[in-house]
Each structure stands twice: as C-alpha cells, then as structure tokens.
Amino acid sequence: MSRYTAADIEAKWQQAWDEAGIFTAKRDPNRPKYYVLEMFPYPSGRIHMGHVRNYTMGDVISRYKSSCGFSVLHPMGWDAFGMPAENAAMAQGGHPGTWTYDNIKTMKGQMKPLGLSIDWSREFATCDPEYYGQQQAMFLDFMDKGLVYRKNATVNWDPVDMTVLANEQVIDGCGWRSGAPVERRDLTQWFFKISDYSGELLDALDDLENWPEKVRTMQANWIGKSKGLQFAFERTDGGAPIEVYTTRPDTLMGASFVGISPDNPLAKELEAKNADIAAFNAECRRMGTSAAEMEKAEKKGLDTGLTVKHPLDPNWELPVWIANFILMDYGTGAVFACPAHDQRDLDFARKYGLPVRDTFVALDDPKPVENEAFVPMKSERVKWLDHFAGLDEATGDEAVAATIAFVENAGWGKGVEQFRLRDWGLSRQRYWGCPIPVVHCDDCGVVPEKKENLPIKLPFDEGGKPIDFSIPGNPLDRNPDWRNCACPSCGKPAQRETDTMDTFVDSSWYYARFTSPGATTPTDLAEAEYWMNVDQYIGGIEHAILHLLYSRFFARAMNITGHLPDKATEPFNALFTQGMVTHAIYKNAERTDEHGRAIYHYPEEVEERDGVMVVAATGENVTVIPSAKMSKSKNNVVDPVNIINAFGADTARWFVLSDSPPERDVEWTASGAEAAHKHLSRVWMLCDRIGEMDDTPGQGPTQADDELLRDMHKAIHDVTMGIESFGFNAAIAKLYGFTNTLAKSKAGKAAKRQAIMTLAQLMSPMTPHLAEDIWAHQGGEGLVALAPWPKADEAMLIDDTVTLPIQINGKRRAEISVPKDMDKAEVEKLALSQEAVIKVLDGNTPKKVIVVPGRIVNVVV
RNA sequence: GCCCGCGUGGUGGAAUGGUAGACACAAGAGACUUAAAAUCUCUGGGCCGAGAGGCCGUGCCGGUUCGAGUCCGGCCGCGGGUACCA
C-alpha cells in the first residue's frame, strides 16, 4: 500500500494544470462567463491564514463554476501603495518600491503552492506605472466632468515631525513617533464629488439583492439621508446670523443654547479678539480628527458671550456656546441644543447649568425630564406641551413634518434633505501613492497635466542620490528635480502637485482593470462588456463601507467618462463577506516600550508555566486577549507556510474551509490541521483499497450498492447546495459522512469505484490535487478539473420512510417510522396509539393534534 | 459615543419556526502490537437514578407561537467600522 505524500502529487498536478493552461481566462462566445474576485491583498510581506481562507473560498467557487461550464475569470493582483512601505523605508532604509516588490515576490511564492486556479497572466500591482498612469488619465477625465475639486480640510499635524499623520498614527492624541500632542490644521486638499451620488448610491442599495443585508444597512446609515429644517438665529449684536440644521425642529421650544463647532468660521472670528476663546479652540484642536476620538472625548464647551434671538419669541435670548462635539463637516457646523430630548445635550446642560425645558411628555407617564433625556421613537405618540404649530398629541415624525410646514409658511426657514456622506478627500501628503497629475502655474493656476505626459512617475532619486525616507514629511515636496516642470498650458516654469492619491482610489477600479490589464487606456470596453460585472466578490467585512462605497462611486464615474458600460454601474453582482482569522494576542503585562505603549509577543515567544502564560525568554507575565483580528502590529499573525510544508496545500485548504462557517471569524488553532491531514490520508488509502478490490462480474446490483449510491447522490446534492450557498463547512461535513459510508460499505467494486470518483469530483474544488490523483488512479478520463460537475438523481434523494418525532405540549415523547406519503389522519391515529403517548396523556383527550408532514407531530393537551 | 454584527457541550461548530448538539477536534475505554506510533471500534451537554426513565439546558430577562437556538422587546459581553491602516 502506498502512502499519501502531498508534496509529490501537488507539484505534479500544478504542472499539469499549467501545461494545459486551464486557468487562463478566455472570451468564449459559446459559454456563459463567470467573474470571481477576492479582494486583492496588501503586500505586507508574508501571507497569513486570512489570505489562505479568502483565496481558497474564491478558488472553490472558481473551480466549481468552471466545472459547471462557465468561462471563468479569476485574477489576482496587489494593492501595493500605502503607508507600511514608507514606514519600512523610514525604519530600515531602502526604497518603498523595493520593499513592496520584494514582498510581492515572496507572497506570490507562498501563494503558488496553494494550487489556486488563478489566471496569473493578468497580475498587476497598483504601484506599476502602467496601472497608476491609467488612474491618472481617469483622474483627468473625472476633472473634465466636474467630479474633482479642491477645498480646505482638517488634518492631524505633528508639530515636531512637521508632517501629516494618519488617524492610526495618532495615539492618545499624540504623534506615534514624536510623542508630541497633535494639532488640527487646515490644508487645501483634493476631493471627489461622491456627494453628487448620495441619493443614487443609497437608492441603488435596494437592488443589490445578493449583498449581505448588514452591508447594505451599514452603507445606508453611512450615507445617512435625513430630512430636517435649516434656519438662522438672529444675533442680538447684529452680527451675521448663525445658520443651523436640525432633524428635530419640533423641539425648538425646548431650545437651551446654540452650539457651534470650534472650526465654525464664527468661532475662528471670535478667537482673534478673545483670548479665552482662542485658548479653548486651541485645546479642542489639540485632538485627532477622528470621529471616534471626538465623540468619546469629554464633552466641553465655552460660553462665547454672544446671544441670539429665539425665532418664535424675540424676547427669548439664547446663549451661544462653542462645543467640542459639534462637527464642522456635518450640516452647518452649528446646532441648537434641546437637553430634554437629547442625552448628550442634557449632560452638557447639567454640567454648565443651562436650562432644561420639556417640549413633550409620554402619554402614560407625563413626568418632566431630570437626568435622563426623554427620547422616544419618532413613531411613538407623545403629548406636546406648548407646540407652536398647535399640536396636542402626535408622533415625532408628524411633529417634524408639521413644524417644517409651519416654518416654511412663516418664511424663516426651509425643509432640506441632508446627507451625512461627505465628499471623498483623496489628497495624501505622502510619497508612496499615485501622483495627482496636475501642475500649479503662477499664471494659469491649477492646470491638468497633458495625457501624453502620463504616467507622472514617482522619482527614485533626489539630486542624484537615493531619497532619504528617514526625514519626516513628503519627499516629493522637497524634491525640486521632480517638482519643477513646464506648465502644460503656457509652457512657463511651474510646479507639480506633490499630493498623492488615497490608496482607496487604487482599489476602486482594479476589478475593471483585470478585464484588460494590458490596455493602453484604463479599460478596453469590449473586454469590460464581456467580463463585467464581478459575479462573486469575496472579502472582509471590514471593507463593508469605505472600499465598497468608493468602488460603487468609481464605477459610476467611470461610466460617465466612458470607461465602463452602463451595466457595470454596480460592479459587484454578489458579495460575500468572510470572517476574519483571529488569534489570541499576548500583551506584556509587566512593561511597556519607551513611549509607554504596549508590547506584544509572538505566539512562539510565549509558553504556559504553572497555568499562566509567560514570555519564555524572560518569564514576564503575559495578558492573553483572545480572538483578536490578526494584525502585524499586534504580532499575532500565524504563518501558513509551515502548515503547507508539513502537510501540503490540500490539507491547509481543507482545514480553513472546515469547521467554521465562512462568514464567521475563526480562531486559529494548530490541532485542526493534523486532523485534516489524517482525513485526506484516509481518503487516499480508501482509493488505493478500492483499486485493489476484485471485480465480481455477473452479479447484479446489491442492496449495499443501492445504499451506497443513494448516499452518493445525497452527497452530490448536499455538497452542491453547500458550495452554491457558501456553506463550505456544511459541504465538508457531508463529505466526511459520505467518506465514512463508503469506507464501511459492503458494495461491489463497480459501485465503490463510482462512489470514490464522485467523491474525488466533489472534493476537487477544495482539495484539487488529491482529487486529480484519485481520478487518475481510478482511470478517469482527462483532468478532473475539466470534468463536468456531477448531477444528483432526484429519485435517489427521496427516502421511502421518514421518522417523525411526537411531541406532547412541545416536549418530545416518542417517535414513529412511517411511509413518507402517509396521510395526516393516519399519522395522527398511529401517533395517538403509541404506548408512550397513551402513558403521558394519562386518559386526557388531546385538544388539538398538529401534523406537519415529514416533520413532526405535536399533541396539545 | 454612534452604526453593524456575533454569543449553542471541554473546543470548532450543525439545526427551511418542527427530535438542540450533525460533522469534526480534544478526552476516555477497548482491539491490533513485545512496545510505541499509526490504524480500527466504542463512549461522550448537565443533574438525579442501579436501571427504565425523569428534570434542566442554546449569554441574561421578558414576549409571540401548538412549538423558539431561530421571530419581537429590553439588558450584558465580545468583535468590525467610524471617513488618512488596508
């Protein structure tokens, strides 16, 4: 008997697939196409289990669809621009490009042995000039269509390193390297007008039926359509009125104060004349720009001394406060606060001794607000205290509508539709990104670069020497060789834009580029017409909002600029969000680094001693944080290469698909891989045994044959359904079951041979190498990868008898075995005649008997 | 803070509103073996009981239903996102 040695058979079959060229996508007018895409990876250095899981899922779909007769496109590339490459260059010298391309080479080398059915001829990296040059061309087309503009925006500024920080680089309000408190600073930045599409991006979500509901909900909430009232408060000092936007105009009689953002132009105007206000605003600005940080910060405010008139009562004056929780980006950057019906406003009012006035009370419990704001659902009816539009009892929704109508009629405000979605700021003051292809000319202003001058490539030197990335800031900014250029319009000396693009731009159209990766225009329309849309997109839930929303916007922008056909305005027909591979984090419990931040240890560095986890080398105690996202910065990334080397790719693939449902996070444990390998060995040896069986010709089909083949057809059915519905773990569970049936079966050689070949086919999307080997061993024709997917015989799926549980008042008391088509009355009679049933009934007459055919009998007493 | 998920044995998990724990892992017992490994067989939610069997049980509390892990409401815990991580 031979042994299962994955290393030999995997190399052999990968070579066979390569030679047959079966993964090269070809336009085929005679076959329907299927485009399966997994979110492309960031080349961080090494692949991790999350990648293996993600690409194996895509591979299962790809191979399955191919067997079903589709012409499949399954490409792979690299999301290659971004901060880590610059950080690496900063930390250890070298060039971000070198680091990135080295990583790509390593990771591709690690992916190849997995035997994925990828068309590698279409591979590209977003940092290839051929790719980002086309991106620059599209940027110019977007400019032409008015989808690009410049405005001021706030960034995190590190005053020591003199550089812009990403939110992730702001830790507890301080720069990650310098440790200096960050400041908010305004810069002129480039923006995409995604807000032009707010309504459409929202409405079109309804049609994305094959997207997870949760993703659609998250996007809808992010776009955040609201209907509210915009109006102005007159200032008592005669200054410019303060425009506010509110979604609860019905609570105007409960107004306590007007709050403005520290970034509101009025706040900025006041700080010039008032040292206290300047100090308060400066304090507010000593905080990162992230919404989470602002919302979680202690709510603080400062009375400006200004007052405004209440629009409904000229004698009623409200104070104007600057408050750190009011966002300049949303609405008008100013609100009126109604503490009685908003918890945050109430906390603020109590803290600063501002009035709290109820505008409505609950119908059943009309008590005034104290320390808990009364915030009922807008659909709940409440009692209004002194509503100016004459309401008595009404819901919040009715009151809002009535108020807007009243105010519009009175002429001092208007109902407006507002979106939370902001325009997409794409400027980055960094080197390792796609240069924005515009030129600043003293005479002509901002001028688009000429298309024939594209790509505007990133420089690799400055002043003839390699770029020094250890200096903070953007190397493009301080590089005159690169910066100085001729104005594309007038030809005079001018300066290049030194901002590069957000890396989300790169990933917003790569799916379209895969349809024609070598084209000298962003896309080749004929190719896009054939291959688009992506039929199945697979990626992490962490991309539910930004990446997917930006891609949806981009597809629309590419459509109106002629780079995608109309049918591709929603580029992803179906979306599946797989869970993350998680692993415990080991945090040093005894010390921190020189900046006072946590130290994380690799799984290999820790061990258990006397029931507690410690660092093996030092004996320091370790805090174990279970089930955290694998992340380089937390040192909890598991390397799949060891698994592949020890057991083979099929084992790794089988393991990541089994046990956990694909959409759920999976905690990595080492023990499962060995079990997967054992099982594959068992299948291999089963194949060997069947090959050595004696033929027994002349004998007709036995009952054992029939039983085996029935289970085979059930396996075909279950595995097919499992793959179609992303229930890979369920498909694998059935394959375990079928393997056990086959191993124990007394069937003859012909039936067993048919069963093992079908088993190989059903396993082929998950363990393609092993499947090919079994197929060849049993004399199958050609490659199993090219064999048509088996079809289940419906007649073989139906059992003649079914087992029905009998419940009495919802508790299971007995079961009966009946023919599957026995009618209800007979089932009922049989059920009631069961000894156990009679015993439990104890002479009582059943009130009702519910018979669900093929399912259950429930007797109600 | 806000938005979106998730929570079932020792572990991963299964279950169109219809027998909770399929299929695995780890564990225990047995077979084979001089022995070990490998392989094979069996056992397995908790409590009570010699057994037959009974009671309890899907994070917590309540509701809808003949019937709830599944649907609804309120909590608790964990995770993702929060616009410059990708």
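All residue numbers refer to positions counted from 1 along the written sequence of the respective chain. To label them, take the chains in the order written and letter them from A, then take the ligands in the order written and number them from 1. Given that the model is predicted, a residue must reach a pLDDT of at least 70 before its local features are reported, and side-chain atom pairs must reach 80 or more before they are shown or counted; all residues, however, enter totals for whole chains, interfaces and linings. As a convention, hydrogens and water are excluded, and side-chain values are obtained from all of the structure's heavy atoms.

Asks: Any chance you could explain a negative patch on the surface here in plain terms?
Replies: Only residues above 30% relative accessible area that lack a salt bridge enter a patch, with like-charged residues linked at up to 9 Å and the nonpolar side chains Val, Leu, Ile, Met, Phe, Trp and Tyr linked at up to 5 Å. To be clear on the numbers: accessible area is Shrake-Rupley with a 1.4 Å probe, and residue cover counts the displayed protein chains and nothing else. Here a salt bridge means any side-chain nitrogen of Lys or Arg lying within 4 Å of a carboxyl oxygen belonging to Asp or Glu. For the charge count, each Lys or Arg is scored as positive and each Asp or Glu as negative, with His and the chain ends excluded. By convention, the charge on Lys lies at NZ, on Arg at CZ, on Asp at CG and on Glu at CD. On the surface, Asp-203, Asp-206, Asp-207 and Glu-209 cluster together to form a negatively charged patch. Helix and strand assignments follow DSSP, with helices taken as H or I runs no shorter than four residues and strands as E runs no shorter than two, numbered in order from the N terminus. Assignment of secondary structure puts Glu-209 in the loop between helix 6 (198–203) and helix 7 (213–223). Summary of the burial criterion: residues with accessible area below 20% of their type's maximum are buried, those above 50% are exposed, and those between are partly exposed, where the area comes from a 1.4 Å probe applied to protein chains only. Accessibility expressed as a relative area gives 63% for Glu-209, which makes it exposed.

Asks: Explain the protein's contact with RNA strand B to me, please; I cannot follow it from the model alone.
Replies: Residue proximity to a molecule or strand is established when one non-hydrogen atom of the residue lies within 4 Å of it. Around RNA strand B sit 63 residues, and of these Asn-167, Arg-430, Asn-740, Arg-855 and Asn-858 come closest. Counting only the atoms of RNA strand B within 4 Å of the protein, the fraction contributed by sugar and phosphate is 60%. Here a polar contact is taken to be a pair of N or O atoms separated by no more than 3.5 Å, where protein atoms must pair a possible hydrogen donor with a possible acceptor and residues adjacent in sequence count only if both atoms sit in side chains. Within the contact set of RNA strand B, a base nitrogen lies 3.2 Å away from a side-chain nitrogen or oxygen of Gln-189. Contact between RNA strand B and Lys-811: a phosphate oxygen at 3.3 Å from a side-chain N or O atom of the residue. Grouping the constituent residues of the surface near RNA strand B by class yields 24 nonpolar, 17 polar and 22 charged. Nonpolar residues are Ala, Val, Leu, Ile, Met, Phe, Trp, Tyr, Cys and Pro. Charged residues are Asp, Glu, Lys and Arg, and all others, Gly as well, are polar.

Asks: Even after reading the chapter, I still don't get the confidence of the model for chain A, so can you show me in this structure?
Replies: In low-pLDDT segments, the atomic positions of the prediction should not be examined closely. pLDDT runs from 0 to 100 and stands for how confident the predictor is about each residue. Confidence in the prediction of chain A, expressed as mean pLDDT, is 89, and 93% of residues score 70 or more. Across the predicted assembly, pTM comes out at 0.92 and ipTM at 0.93.

Asks: What am I meant to see in the sheet that holds strand 27 (residues 536–540) here?
Replies: Think of a sheet as strands paired side by side through backbone hydrogen bonds, with each pair either parallel or antiparallel. In this scheme, strands are said to pair when DSSP sees at least two bridges between them. Read across the open sheet, the 4 strands follow the order 2-1-27-28; overall the sheet is parallel. The open sheet has two free edges, formed respectively by strand 2 (71–73) and strand 28 (575–578), since each of these has just one partner strand. Within this sheet the neighbouring strands show an average axis-to-axis angle of 20°, counted without direction. Of the strand pairs in this sheet, strand 1 (residues 33–38) and strand 2 are connected by 3 bridges, and their pairing is parallel. Between N-to-C directions, angles span 0 to 180 degrees; the directions come from axes that are lines fitted to C-alpha atoms, helices contributing only their stretch in contact.

Asks: What is the right way to look at helix 9 (residues 275–285) in this model?
Replies: For an α-helix, the turn length of 3.6 residues means that residues three or four places apart are oriented alike. Those residues of helix 9 lying buried are Ile-277, Phe-280, Asn-281, Cys-284 and Arg-285. Down the axis of helix 9, the smallest arc covering the buried residues is 140°, so these residues share one side. More than 90 degrees from the buried face of helix 9, the exposed residues found are Ala-275 and Asp-276. Considering only its buried residues, helix 9 is in contact with strand 7 (183–192), helix 8 (265–271), strand 11 (301–310) and strand 12 (313–323). The opening residue of helix 9, the one whose side-chain oxygen lies 2.8 Å from the backbone nitrogen of Asp-276, is Asn-274. What the arc measures is the spread of directions leading from the helix axis to the C-beta atoms. Any pair of residues with heavy atoms lying within 4.5 Å of one another is described as a contacting pair.

Asks: Help me understand the sheet that holds strand 20 (residues 438–441), please; the structure alone is not making it clear to me.
Replies: Reading across the sheet, the 4 strands line up as 21-20-25-24 and stay open at both edges, with antiparallel pairing between neighbours. Sheet topology places strand 21 (445–448) and strand 24 (484–486) at the edges, where each strand pairs with a single neighbour. Neighbour to neighbour, the strand axes of the sheet diverge by 45° on average, direction disregarded. Across 2 bridges, strand 20 lies against strand 25 (residues 493–496) in antiparallel orientation. Along strand 25, the bridge assignment pairs His-440 with Gln-495.

Asks: What's the story with the packing of helix 7 against helix 17 (residues 546–560) in this structure? I'm lost.
Replies: Between two packed helices, what matters for the description is the angle formed by their axes and the separation of those axes. Relative to each other, helix 7 and helix 17 sit at 75°, their axes nearing to 10 Å. Here helix 17 runs roughly perpendicular to helix 7, going by the angle between their axes. The segment helix 7 lies against helix 17, with Val-215, Gln-219, Trp-222 and Ile-223 engaging Leu-546, Leu-548, Leu-549 and Arg-552. Across the contact of helix 7 with helix 17, the residue classes break down as 6 nonpolar, 1 polar and 1 charged. In what follows, roughly perpendicular refers to angles from 65 to 115 degrees, roughly parallel to angles under 35, roughly antiparallel to angles over 145, and oblique to any angle outside these ranges.

Asks: Can you walk me through unusual backbone geometry in this structure?
Replies: Most of the time, phi is negative for any residue but glycine, and the peptide bond is trans. Cis geometry marks the peptide bond from Leu-454 to Pro-455, where omega comes out at -5°. Relative to the assigned elements, Pro-455 resides in the loop between strand 21 and strand 22 (461–462). Cis geometry marks the peptide bond from Met-532 to Asn-533; its omega dihedral reads 5°. Among the structural elements, Asn-533 can be located in the loop between helix 16 (525–531) and strand 27. Its identity is not glycine, yet Asp-659 carries a phi of approximately 70°, on the positive side. Note on placement: Asp-659 falls in the loop between helix 19 (649–657) and strand 34 (666–667).

Asks: Got a minute to help me understand the environment of Glu-19 in this structure?
Replies: Examined against the element boundaries, Glu-19 turns out to sit in helix 1 (residues 6–20). Once the C-alpha coordinates of Glu-19 and Gly-727 are considered, the two residues, 708 residues apart in sequence, prove to be 32 Å apart.

Asks: Where do I start with the packing of aromatic side chains in this structure?
Replies: For any pair of aromatic rings, geometry is given as the distance between the ring centres together with the angle between the planes. In this scheme Phe, Tyr and Trp rings, the latter by its six-membered ring, pair at centre separations within 6.5 Å, and the angle between planes marks the pair as stacked below 30 degrees, edge-to-face above 60, and tilted otherwise. Enumeration according to the criterion identifies 46 aromatic pairs in this entry. Here Phe-504 and Tyr-550 contribute two aromatic rings whose centre-to-centre distance is 5.4 Å and whose plane-to-plane angle is 65°, an arrangement assigned as edge-to-face. Of this pair, Phe-504 sits in helix 14 (residues 503–506) while Tyr-550 sits in helix 17, placing them 46 residues apart in sequence. A relative accessible area of 24% places Phe-504 in the partly exposed class. Chaining the aromatic ring pairs together yields one cluster made of Phe-139, Phe-142, Trp-190, Phe-192, Tyr-197, Trp-424, Phe-504, Tyr-550, Phe-553 and Phe-554. Sitting over a ring, as applied to charges here, requires NZ of Lys or CZ of Arg to be within 6 Å of the ring centre and within 35 degrees of the ring normal. Directly above the ring of Trp-17 sits Arg-63, whose terminal nitrogen or CZ lies 4.4 Å from the centroid. For the cation-ring pair, Arg-496 lies above Trp-482, with the distance from its terminal atom to the ring centre recorded as 5.9 Å.

Asks: Whenever I open this one, the side chain of Gln-536 confuses me. Can you help?
Replies: Considering the arrangement of structural elements, one finds Gln-536 in strand 27. Looking at Gln-536, the relative accessible area reads 8%, which means it is buried. Leave out the neighbours within four places in its chain, and Gln-536 touches Tyr-34, Tyr-35, Val-36, Leu-37, Ala-574, Leu-575, Phe-576 and Phe-726.

Asks: Explain the pairing of strand 7 here, please?
Replies: Two strands pair when backbone bridges link them, and strand 3 (residues 148–158) and strand 7 are joined in this way by 10 bridges, in the antiparallel orientation. Along strand 7, the bridge assignment pairs Val-148 with Phe-192. Judged from the 2 bridges that link them, strand 7 and strand 18 (residues 424–425) form a sheet pairing that is antiparallel. Counterpart to Phe-192 in the pairing with strand 18 is Trp-424.

Asks: Hey, could you run me through the pattern of salt bridges in this one?
Replies: For side chains bearing opposite charge, pairing can occur when the charged atoms are close. With the rule as written, the count across this model stands at 36 salt bridges. In this structure, the salt-bridge partner of Glu-123 is Lys-108, at a minimum N-O distance of 2.7 Å. Here Glu-123 is found in the loop between helix 4 (96–111) and helix 5 (129–144), whereas its partner Lys-108 is found in helix 4, with 15 residues between them in sequence. Residue Lys-108 is classed as partly exposed on the basis of its relative accessible area of 24%. Residue Asp-392 pairs with Lys-383 through a salt bridge whose shortest N-O separation is 2.8 Å. Owing to a relative accessible area of 32%, Lys-383 belongs among the partly exposed residues under this scheme. Salt bridges linked by common partners bring Arg-184, Asp-263, Glu-271 and Arg-285 together as one network.

Asks: So what exactly am I meant to see when it comes to the pairing of strand 35 (residues 801–808) here?
Replies: On a regular strand, one side chain projects to one face of the sheet and the next to the other, so that they alternate. Two elements, strand 35 and strand 36 (residues 811–819), share 8 bridges in a ladder whose sense is antiparallel. The residue bridging Ile-808 from the neighbouring strand is Lys-811, located in strand 36. Hairpin connection, strand 35 to strand 36: the antiparallel pair is bridged by 2 residues, and Asn-809 has positive phi, about 50°. Across 3 bridges, strand 35 lies against strand 38 (residues 856–860) in parallel orientation. Its bridge partner lying in strand 38, Gln-807 is registered against Asn-858.

Asks: Would you mind going over the nonpolar core with me for this structure?
Replies: Within soluble globular proteins, side chains that are nonpolar tend to cluster in buried spots. Among the nonpolar cores identified, the biggest contains 155 residues, and Phe-139, Phe-192, Tyr-510, Tyr-511 and Phe-554 are the most heavily contacted of them. Not counting the four nearest positions on each side in its chain, Tyr-511 is found in contact with Tyr-35, Leu-37, Met-532, Val-534, Ser-551, Phe-554, Ala-555, Pro-571 and Phe-572. Counting 29 residues, the second largest nonpolar core, distinct from the first, contains Leu-229, Ala-255, Phe-280 and Ile-404. Buried residues of nine kinds, namely Ala, Val, Leu, Ile, Met, Phe, Trp, Tyr and Cys, make up a nonpolar core once their side-chain atoms join them within 4.5 Å.

Asks: How should I be thinking about the side chain of Lys-734 in this particular structure?
Replies: For Lys-734, the location among the structural elements is in helix 22 (residues 728–744). A relative accessible area of 18% means that Lys-734 is categorised as buried. Sequence-distant contacts of Lys-734, defined by excluding residues within four places in its chain, comprise Asp-711, Lys-714, Ala-715, Asp-718 and Val-719.

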